[in-house]
Amino acid sequence: MSDKTDKQKQSEDIAEKNFELDKKNKSRTDKELETVHEQINDTFNQGTIDQKEQNKKEKKDK
């Protein structure tokens, strides 16, 4: 018995087919998903505006 169900396997296959970063003719949805992905990645790596302000205050107080 495999670890993944058929539906999980199908979902992964579809996701791989639909998410290609280097697509030449991107649909509007692809472009929007790419933008959201970048925003989430930036927020995760840099923090929210509140966190940035708090970090500035902490550096200033030192």
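Before reading further, recall that the structure is shown in the block above.
All values derive from a computational prediction rather than experimental measurement.

*Asks:* Kindly report on the overall build of the protein chain, identifying the contributing residues and their values.
*Replies:* Counting secondary structure elements, the protein chain contains three helices and zero strands. Along the protein chain, from the amino end to the carboxyl end, the secondary structure elements read α-α-α. Considering the protein chain as a whole, with its 62 residues, one finds that 2% of them fall into the buried category.

*Asks:* How would you explain helix α3 (residues 49-61) if you had to name every residue and give the values?
*Replies:* With 13 residues, α3 extends 19 Å from end C-alpha to end C-alpha; this agrees with the ideal 18 Å at 1.5 Å per step. Little of α3 is tucked away: zero of the 13 residues are buried.

*Asks:* If you had to explain the pattern of salt bridges to someone new, which residues and values would you point to?
*Replies:* The final tally for this structure, using the stated rule, is two salt bridges. Close ionic contact of E32 with R28 constitutes a salt bridge, the shortest N to O distance being 2.9 Å. Of the two residues, E32 and R28 are both situated in helix α2 (residues 28-46); the distance of four residues between them amounts to about one turn of the helix. On the basis of relative accessible area, R28 is assigned to the exposed category, the value being 65%. With a shortest N-O distance of 3.9 Å, E53 and K56 are connected by a salt bridge. Residue E53 and its partner K56 are both found in helix α3; the two are separated by three residues, about one turn of the helix.

Thresholds applied
- Residues numbered from 1 in each chain as written.
- Predicted model: local features only at pLDDT ≥ 70, side-chain atom pairs only at ≥ 80, totals over all residues.
- Heavy atoms only, no water.
- Helix = DSSP H or I, 4+ residues; strand = E, 2+ residues; numbered from the N terminus.
- Buried < 20%, exposed > 50% of the residue type's maximum accessible area, 1.4 Å probe, protein only.
- Expected span 1.5 Å × (residues − 1).
- Salt bridge = Lys/Arg side-chain N within 4 Å of Asp/Glu carboxyl O.

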